[in-house]
Amino acid sequence: LIIGMYVYVVYIPFPFTLENFLMDLALLPMAKLQTLGVAWTLRHELFFYTLFAVAILSKRLGSYLFALWFLAIILRCFKVIPLLQPEWLNNILATCNLEFMMGIFAAFFCAYYRIRFPKLILFVSVCLFLGYGYVDNKGILDTYQDVVYLPFGLLSMLILICLVELEFEHELKFSRFW
């Protein structure tokens, strides 16, 4: 902690305040993330798991909160809800949070439904994912647009659903060292 504080005070070009440091450390949505900029993804996860904990404690309240969050993200994605103040509210409504909803959808789908031709769908989904990643990596896409995350999320969801289906069908074979 002492080394981290030293690096934070000496090498970070922002003015040091204990409040900002502690908020960064706690990954609170309103933190400025001056300490570790790549922790922005962890903020989204922390918010999701907080809602998930509420859903475990109260299924009804958790369901309402997730539905409300999903609706607000969709409305924000289509610019029905403008940019908000304070800025941390925009993090909660960021389009990349839809990937959490896709994971929830995949879990429910796999629990209640089966898919046909999972190997074919898996192959096509992986090819599309790699192709989209290639196009993104070449700079053809504007990766600062909100909707650029959606194809990655949708294809990842399809890949996951297909893998679960193949596991249900006992089609996944691993070496004994796996």
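A short tour of the structure in this document, coming up. These figures come from a predicted structure and were not determined experimentally.

1. Here's the deal with the overall build of the protein chain
Regarding its fold elements, the protein chain presents eight helices and zero strands. Expressed as a percentage of contacts within the protein chain between residues at least 6 apart in sequence, the contacts between residues at least 24 apart total 49%. For the protein chain, the accessible surface area stands at approximately 12600 Å², while carbon and sulfur atoms represent 72% of it.

2. Here's the deal with the state of the cysteines
Inspection of every chain in the model, using the stated rule, returns zero disulfides. The thiol of Cys110 is not disulfide-bonded; the next cysteine sulfur, from Cys162, is found 8.8 Å away. On the accessibility criterion, Cys110 (9% relative accessible area) is buried.

3. Re the side chain of Glu165
Inspection of the secondary structure assignment puts Glu165 in helix 8 (residues 149-168). Look at Glu165 and you get buried, because its relative accessible area is 4%.

4. Concerning the pattern of salt bridges
All chains considered together, the criterion is met by two salt bridges. A salt bridge links Arg114 to Glu165; the shortest N-O distance between them is 2.9 Å. Taken as a pair, Arg114 in the loop between helix 6 (98-112) and helix 7 (118-137) and Glu165 in helix 8 lie far apart in primary sequence, 51 residues in all. Residue class for Arg114 comes out partly exposed when judged on its relative accessible area of 46%.

5. Focus: helix 7
Helix length check: helix 7 (20 residues) gives 28 Å between terminal C-alpha atoms against 28 Å at 1.5 Å per residue, within 8%. When we look at burial in helix 7, the residues that qualify are Pro118, Leu122, Ser125 and Tyr132. In an axial view of helix 7, the angular spread of the buried residues amounts to 100°, which keeps them on one side of the axis. Turned more than 90 degrees away from the buried face of helix 7 sit Lys119, Leu120, Phe123, Leu130 and Tyr134, all of them exposed. Buried positions along helix 7 lie against helix 8.

6. Side note on a nonpolar patch on the surface
On the surface, Phe117, Leu120, Phe123, Val124 and Leu128 cluster together to form a nonpolar patch covering roughly 540 Å² of accessible area. Its place among the elements puts Phe123 in helix 7.

7. Concerning unusual backbone geometry
One non-glycine residue, Phe117, adopts positive backbone phi at about 60°. Looking at the secondary structure, you find Phe117 in the loop between helix 6 and helix 7.

8. Remarks on the nonpolar core
When a protein is soluble and globular, its nonpolar side chains tend to lie buried together. Core analysis: the biggest nonpolar cluster contains 24 residues, and Phe66, Trp69, Ile73, Leu93, Leu98, Met101 and Ile161 have the highest contact counts within it. Of all the secondary-structure elements, those providing two or more residues to this core are helix 3 (40-57), helix 4 (59-77), helix 6 and helix 8. Of all the elements, helix 8 adds the most residues to this core, at seven residues. Those residues in contact with Leu93 that lie beyond four places of it in its chain are Trp69, Ala72, Ile73, Arg76, Ile81 and Leu84.

Rules of the game
Residues numbered from 1 in each chain as written. Predicted model: local features only at pLDDT ≥ 70, side-chain atom pairs only at ≥ 80, totals over all residues. Heavy atoms only, no water. Helix = DSSP H or I, 4+ residues; strand = E, 2+ residues; numbered from the N terminus. Contact = heavy atoms within 4.5 Å. Areas by Shrake-Rupley, 256 points an atom, 1.4 Å probe, with all protein chains shown as cover. Disulfide = S-S within 2.5 Å. Buried < 20%, exposed > 50% of the residue type's maximum accessible area, 1.4 Å probe, protein only. Salt bridge = Lys/Arg side-chain N within 4 Å of Asp/Glu carboxyl O. Expected span 1.5 Å × (residues − 1). Arc of directions from axis to C-beta. Patch = residues over 30% accessible without salt bridge, like charges linked within 9 Å, V, L, I, M, F, W, Y side chains within 5 Å. Core = buried A, V, L, I, M, F, W, Y, C linked by side-chain atoms within 4.5 Å.

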